[in-house]
Amino acid sequence: MSVLDKLSLENHNLLIDADLYLFQATVASEETICWDEDGDIWSLRADLKQAKKSFTERLESFKRRLDGGEVLLCFTTGSNFRKTVYEPYKSNRKKTRKPVGYVHMVGWAMEQWPSITVDTLEADDIMGILQSAPGYETVVVSDDKDLLGIPGTVYRPMKDEIIDVSLPEADAWFLKQCLMGDSTDLDVTQAELLRHIGGELAHKIWPQMSPPDREFLISGVTPQEWDEAFRCEGCEE
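Here the residue index of a chain counts from 1 through its sequence in written order. Reporting of local features is limited, given that this is a predicted model, to residues whose pLDDT is at least 70; pairs of side-chain atoms are given and counted only at 80 or more, and all residues count toward the totals for whole chains, interfaces and linings. The side-chain numbers reported here are obtained from all heavy atoms of the structure, hydrogens and water having been left aside.

1. As for the overall build of the chain
Logical step 1: Runs of H or I in DSSP of at least four residues are treated as helices and runs of E of at least two as strands, each being numbered from the N terminus. Each helix and strand in the chain was counted, giving eight helices and eight strands.
Logical step 2: Among the 237 residues that make up the chain, the fraction classed as buried is 38%.
Logical step 3: Taking contacts inside the chain between residues at least 6 apart in sequence as the whole, the part at least 24 apart equals 63%.
Logical step 4: For the chain, the accessible area works out to roughly 14000 Å², and carbon and sulfur atoms hold 55% of it. The cut-offs for exposure are 20% and 50% of the maximum accessible area for each residue type, with area from a 1.4 Å probe on protein chains only; residues under the lower value are buried, those over the upper are exposed, and the others partly exposed. Here, two residues are considered to be in contact whenever any of their heavy atoms come within 4.5 Å of each other. Per-residue accessibility takes into account occlusion by the displayed protein chains alone, with areas from the Shrake-Rupley method and a 1.4 Å probe.

Pasting the structure below:
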């Protein structure tokens, strides 16, 4: 079965970053309890009924904001292909625990709404693939900045903004992220090094590159389009 079989041709598809929003709903349902007067014995509980209500209401708010549409929950599962390329990928997150009851919440959500997982892929990989599929109307719902590297419509609930990302803008964002790295995926030393080096390249060297050099990186995009896509407020030319 193709991943495209999950998409609707009759209606626009809301590609939900379920990893993110289910995590948030479950964390918000957690409560710490102290069991003695000395404050020595504590436990952690989660009200999953509250978490389910919160997540359901969040999805309904997305649908209202985006004029309806077919919900498709995108989840990360299984192994990650990036670890075959770079084994320490996201090793800085090993100490971050999942909220109490999260695994149960994933199973519940997948029973309640159309959902998709693909072994070795993360949720944002799946959303990017589906967003790029020709012939389907899709909206990515995520606050993950990586999704700005995919052409199409992105709804960012945290800022309540709907962004139509053009191909030049997506390509410029992708290359900028390649140069700067991502502190959420790398350890601090790597991320800081890449951020400073990449920031200099992105904001100073890139604008000075000749049109042929730019076109060598990405063909089919004019220097004027790149200038427009890569311009950022407050950055020196």
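2. Overview of the nonpolar core
Soluble globular proteins tend to pack their nonpolar side chains together in the buried interior.
Logical step 1: Counting 24 residues, the largest nonpolar core has Ile-16, Phe-55 and Leu-73 as the members making the most contacts within it.
Logical step 2: When residues of this core are traced back to their parent elements, those giving at least two are strand E1 (13–17), helix H1 (18–28), helix H2 (48–65), strand E4 (70–74), helix H3 (102–112) and strand E6 (138–141).
Logical step 3: Ignoring sequence-local partners within four residues, the contact set of Ile-16 consists of Tyr-21, Leu-59, Phe-62, Val-71, Leu-72, Leu-73, Cys-74, Met-127 and Val-141.
Logical step 4: For the purposes of this section, nonpolar cores are sets of buried Ala, Val, Leu, Ile, Met, Phe, Trp, Tyr and Cys residues that join through side-chain atoms within 4.5 Å. Ranked by size, the runner-up nonpolar core spans 17 residues in total, among them Ile-126, Leu-148, Ile-150 and Ala-170.

3. Structural notes on the sheet that holds E1
Logical step 1: Between any two strands, pairing holds if DSSP finds at least two bridges. On the basis of which strands lie adjacent, the open sheet formed by six strands has the order E5-E4-E1-E6-E7-E8 and mixed pairing. Each edge of the sheet is formed by a strand with only one pairing partner; in this case those strands are strand E5 (115–116) and strand E8 (161–165).

4. Some words on unusual backbone geometry
Logical step 1: One non-glycine residue, Thr-120, lies in the positive phi region at around 80°.
Logical step 2: The backbone phi angle of Asp-160 is positive, close to 50°, even though this residue is not glycine.
Logical step 3: Residue Asp-160 is classed as partly exposed on the basis of its relative accessible area, which comes to 40%.

5. Some words on the confidence of the model for the chain
Logical step 1: The quantity known as pLDDT measures the predictor's confidence residue by residue, on a range of 0 to 100. Averaged over all residues, the pLDDT of the chain equals 81, while 70% of them reach at least 70.
Logical step 2: Below pLDDT 50 for its whole length, residues 218–223 participates in eleven contacts with residues either more than four positions away or in separate chains.
Logical step 3: Under a pLDDT of 50 for its full length, residues 232–237 has, in the predicted model, five contacts with residues more than four places off or in other chains.

6. Some words on the packing of aromatic side chains
Logical step 1: Whether two aromatic rings pair depends on their centres lying within 6.5 Å, for rings of Phe, Tyr and Trp, where Trp uses its six-membered ring; planes under 30 degrees apart make the pair stacked, over 60 edge-to-face, and the rest tilted. All chains considered together, the criterion is met by six aromatic pairs.
Logical step 2: When the centroid spacing of 5.6 Å and the interplanar angle of 80° are considered together, the rings of Phe-55 and Trp-113 count as edge-to-face. Placement of the pair is Phe-55 in helix H2 and Trp-113 in the loop between H3 and E5, with a sequence separation of 58 residues.
Logical step 3: The exposure class assigned to Phe-55 is buried, which follows from its relative accessible area of 1%.
Logical step 4: Put simply, the rings of Tyr-21, Phe-62 and Tyr-155 touch in pairs and so form one group of aromatic residues.

7. Re the pattern of salt bridges
Logical step 1: In the sections that follow, a salt bridge refers to a side-chain nitrogen of Lys or Arg positioned within 4 Å of a carboxyl oxygen of Asp or Glu. Taken as a whole and assessed by the stated rule, the structure comprises five salt bridges.
Logical step 2: Where Arg-45 meets Glu-31, a salt bridge forms, and the shortest distance between an N and an O atom there is 2.8 Å. On the criterion of sequence distance, the pair formed by Arg-45 in strand E3 (residues 42–46) and Glu-31 in strand E2 (residues 30–34) is long-range, its members being 14 residues apart.
Logical step 3: Lys-53 serves as the salt-bridge partner of Glu-57, at 2.6 Å between the closest nitrogen and oxygen. Here Glu-57 pairs with Lys-53, and both are found in helix H2, just four residues apart, close to one helical turn.

8. A short note on the side chain of Ser-29
Logical step 1: Tracing the backbone through its elements, the reader meets Ser-29 in the loop between H1 and E2.
Logical step 2: Judged by its relative accessible area of 3%, Ser-29 falls in the buried class.
Logical step 3: For the purposes of these results, a polar contact is taken to be a pair of N or O atoms within 3.5 Å, where, inside protein, one atom must be able to donate a hydrogen and its partner to accept one; residues adjacent in sequence count only when each atom of the pair is a side-chain atom. A distance of 2.7 Å separates a polar atom in the side chain of Ser-29 from the backbone oxygen of Thr-26.
Logical step 4: With near-sequence residues (within four places) excluded, Ser-29 lies in contact with Arg-45, Ala-46, Asp-47, Leu-48, Gln-50 and Ala-51.

9. Brief notes about the side chain of Asp-17
Logical step 1: With respect to the element layout, Asp-17 can be found in strand E1.
Logical step 2: Put simply, Asp-17 is tucked away with no salt bridge, and the nearest opposite charge, on Arg-156, sits 9.0 Å away.
Logical step 3: Ignoring sequence-local partners within four residues, the contact set of Asp-17 consists of Cys-74, Ala-123, Met-127, Val-141, Ser-142 and Asp-144. Charge assignment: positive for Lys and Arg, negative for Asp and Glu; neither His nor the chain ends contribute.

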